[in-house]
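This is what each chain is made of:
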Amino acid sequence: MPLLADWLLRHSVVMCLLLHSLVLMTFCFHHAATSCSKGCYCSESEGRGKTVRCSHQQLTEIPQDLPNDTQHIYLDSNLFTTVPTNAFAGLPLLVELDLSHNELSQLEPGAFRGLGSSLQFLDLSSNKLVNFTPDAFEGLRARANLTNNPWRCDCNLQMAMPRVDLEPASLTGIVCQTSDPPEMGIEGLAFLLAPDVDLCVVMKKTTDVAMLVTMFGWFTMVISYLVYYVRANQEDARRHLEYLKSLPGRPKSEESSTISTVV
């Protein structure tokens with residue numbers, strides 16, 4: 001009996017420790033999933049789900065401790081300059097993301113990766129975006145606000161447009177502040193509303209000229225080789241004829257036949 005009691009006591013202690021650890025881990029995971037990001041205000045309602053507001057906080061980097069059950073995030077009016085890759089990858093329920101009125105000048109490839117199936121609205125208005133990066137929007141089909149940015153309209157933008165799956169009307173927010181080539185006269189216009197403008201015409205002309213120069217170079221090389229080949233063979237034929245003529249006692253008819261064959 002003492003041995004049985006001792007065995008039960010030991011196993012009871014082990015079970016209690018395991019149960020305590022399990023409860024502690026569950027609490028930690030729940031806290032990580034539901035706690036609010038530092039410096040932000042969180043609220044939750046039955047109709048909208050969890051909302052995180054981090055507006056006007058002078059933030060310079062996207063918070064990494066956002067609750068993973070968040071559906072609405074307001075990060076407007078901060079000091080962000082870039083959105084890094086996978087910045088919101090741990091937010092599978094996110095419906096709305098507001099990044100307006102920041103200092104954003106760069107969206108890294110995959111910046112909004114993981115939000116394609118949930119995100120419905122993305123606000124990037126009133127930033128400093130100049131170049132359109134299609135790889136940043138991979139998989140997104142959301143409605144986006146891209147207005148009030150100093151967009152540069154060039155061949156890269158023209159080629160990038162068909163590569164994004166954003167709601168088509170969203171792209172009308174890209175209003176050209178500058179253009180390349182500048183003589184296209186589209187400054188102040190929404191690029192999507194100027195379908196007859198071809199910003200790749202200069203690149204196409206440059207490519208055509210380069211192809212012509214390359215073809216001319218190859219043609220010159222071929223002609224030069226042919227001329228060299230003909231001249232070299234003529235010289236060999238002349239030397240061979242001279243050699244045949246110098247041979248003593250050869251019948252004339254045979255020599256003439258050989259010369260005709262060589263020629």
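In case you missed it, the structure is sitting above this.
Residues numbered from 1 in each chain as written. Predicted model: local features only at pLDDT ≥ 70, side-chain atom pairs only at ≥ 80, totals over all residues. Heavy atoms only, no water.

Before going further, it helps to spend a moment on the pairing of strand β2 (residues 49–53). Within β2, four of the five residues are buried, which leaves the element mostly enclosed by the surrounding structure. One ladder, built from five bridges, connects strand β1 (residues 41–45) with β2; its direction is antiparallel. Bridged to cysteine 42 within β2 is valine 52. Between β1 and β2, which pair antiparallel in sequence order, lie three residues. Pairing geometry for β2 and strand β3 (residues 70–74), over four bridges, is parallel. Within the sheet, the bridge partner assigned to threonine 51 lies in β3 and is histidine 72. (Buried < 20%, exposed > 50% of the residue type's maximum accessible area, 1.4 Å probe, protein only. Helix = DSSP H or I, 4+ residues; strand = E, 2+ residues; numbered from the N terminus. Pairing = 2+ DSSP bridges.)

In this section: unusual backbone geometry. Most of the time, phi is negative for any residue but glycine, and the peptide bond is trans. Looking along the chain, the bond that leaves aspartate 180 and enters proline 181 is cis, with omega of 5 degrees. By secondary structure assignment, the location of proline 181 is in the loop between β10 (176–179) and α3 (201–246). Non-glycine residue asparagine 86 carries a positive phi angle of around 60 degrees. Mapped onto the elements of the fold, asparagine 86 is located in the loop between β4 (82–83) and β5 (96–98).

A separate point is the environment of glycine 49. With respect to the helices, strands and loops of the structure, glycine 49 is situated in strand β2. Once the C-alpha coordinates of glycine 49 and threonine 70 are considered, the two residues, 21 residues apart in sequence, prove to be 7.2 Å apart. Once you skip the residues sitting within four places of it in the chain, glycine 49 turns out to touch Ser43, Glu44 and Gln71. (Contact = heavy atoms within 4.5 Å.)

Taken as a whole, this structure holds four aromatic pairs when the rule is applied. With 5.3 Å between their ring centres and 10 degrees between their planes, phenylalanine 132 and phenylalanine 137 make a pair best called stacked. The exposure class of phenylalanine 132 is buried, given its relative accessible area of 9%. Lying over the aromatic face of tyrosine 74, arginine 53 brings its terminal NZ or CZ to 4.5 Å of the ring centre. (Phe/Tyr/Trp six-rings, centres within 6.5 Å; stacked < 30°, edge-to-face > 60°. Lys NZ or Arg CZ within 6 Å of the ring centre and 35° of its normal.)

As a rule of thumb, nonpolar side chains are buried together in soluble globular proteins. Membership of the largest hydrophobic core comes to 46 residues, with the highest contact counts inside it found for Phe88, Leu97, Leu99, Phe112, Leu124, Phe132 and Phe137. Of all the elements in the fold, those that place two or more residues in this core are β9 (151–153) and α2 (155–160). Those residues in contact with phenylalanine 132 that lie beyond four places of it in its chain are Phe137, Leu146, Trp151, Leu157, Ala160, Val164, Leu171 and Ile174. (Core = buried A, V, L, I, M, F, W, Y, C linked by side-chain atoms within 4.5 Å.)

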